[in-house]
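The chain contents come next:
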Amino acid sequence: MAKGQEQAAPDAVLTRIGQVVMLHHAGDREEARRRFLDLWAEIGEHGAPLHRCTLAHYLADTQDDPGDELAWDLRALSAAEELTRDRPADRREGTLAARALYPSLHLNLAVDYERLGHREAARVHLRRARGAARSLAHDRYGEGVRAAIGRLELRLGGDRPDGSDGRWGPPRQQRP
């Protein structure tokens, strides 16, 4: 197979993760957790960073204990950081993937820390989520992440951790 065709081939691990995500969204949380853990056992701590990041990100959502959820979300963030730091050959693709993942990863960590009563840590990650979300498209996903950030800002006391007025772009010019 030609090199270009190899790169265009679907990623079997990401496809399998996606199938388990659908199972989880259909309501079978226990079975989804079991299958995610089986996948984690296959790819392990040293698997491809994108696989570990994606899997840990979704596996966190199946946890009952907030501390366990935090641990999986921290694994996901660590793997995302590897996408840009450790693999020069994959840097461009890794950077693009990480840029798309960072807002959600930091938002999840902010929620985890809030649930555990660590409001300052929650604010730090909320600030990072807000900053990273500026690079998201104005599509359904991007708007959903921005709305979730706004809701968490309100739960944390209404003060925006970055001192902003809540808008996502430069202020609109006023007409005279």
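Rules used in this analysis
- Residues numbered from 1 in each chain as written.
- Predicted model: local features only at pLDDT ≥ 70, side-chain atom pairs only at ≥ 80, totals over all residues.
- Heavy atoms only, no water.
- Helix = DSSP H or I, 4+ residues; strand = E, 2+ residues; numbered from the N terminus.
- Buried < 20%, exposed > 50% of the residue type's maximum accessible area, 1.4 Å probe, protein only.
- Polar contact = N/O pair within 3.5 Å; in protein donor to acceptor, adjacent residues only side chain to side chain.
- Contact = heavy atoms within 4.5 Å.
- Core = buried A, V, L, I, M, F, W, Y, C linked by side-chain atoms within 4.5 Å.

**Considering the side chain of Ser104**
Mapped onto the fold, Ser104 is located in helix α6 (residues 91-115). With relative accessibility at 12%, the residue Ser104 sits in the buried group. Polar side-chain contacts of Ser104 include one of 3.2 Å to the side chain of His57. Discounting chain neighbours no more than four positions away, the residues touching Ser104 are His57 and Tyr141.

**Let's talk about the nonpolar core**
Phe36, Leu105 and Leu107 are the most contacted members of the largest nonpolar core, which totals 42 residues. Breaking this core down by element, the ones donating at least two residues are α2 (12-25), α3 (29-43), α4 (49-60), α5 (66-85), α6, α7 (119-133) and α8 (140-155). Of all the elements, α6 adds the most residues to this core, at 9 residues. Non-local contacts of Leu107, meaning those with residues more than four positions away in its chain, are made with Leu126, Ala129, Val145, Ala148, Ile149 and Leu152.

**Focus on the environment of Gly47**
Relative to the helices and strands, Gly47 is located in the loop between α3 and α4. A residue is classified by how much of its surface remains accessible, and Gly47, at 13% relative accessible area, is buried. Separated by 32 residues in the primary sequence, Gly47 and Ala79 place their C-alpha atoms 9.6 Å from one another.

**Some words on the environment of Arg99**
Position of Arg99 relative to the elements: it lies in helix α6. Judged by its relative accessible area of 41%, Arg99 falls in the partly exposed class.

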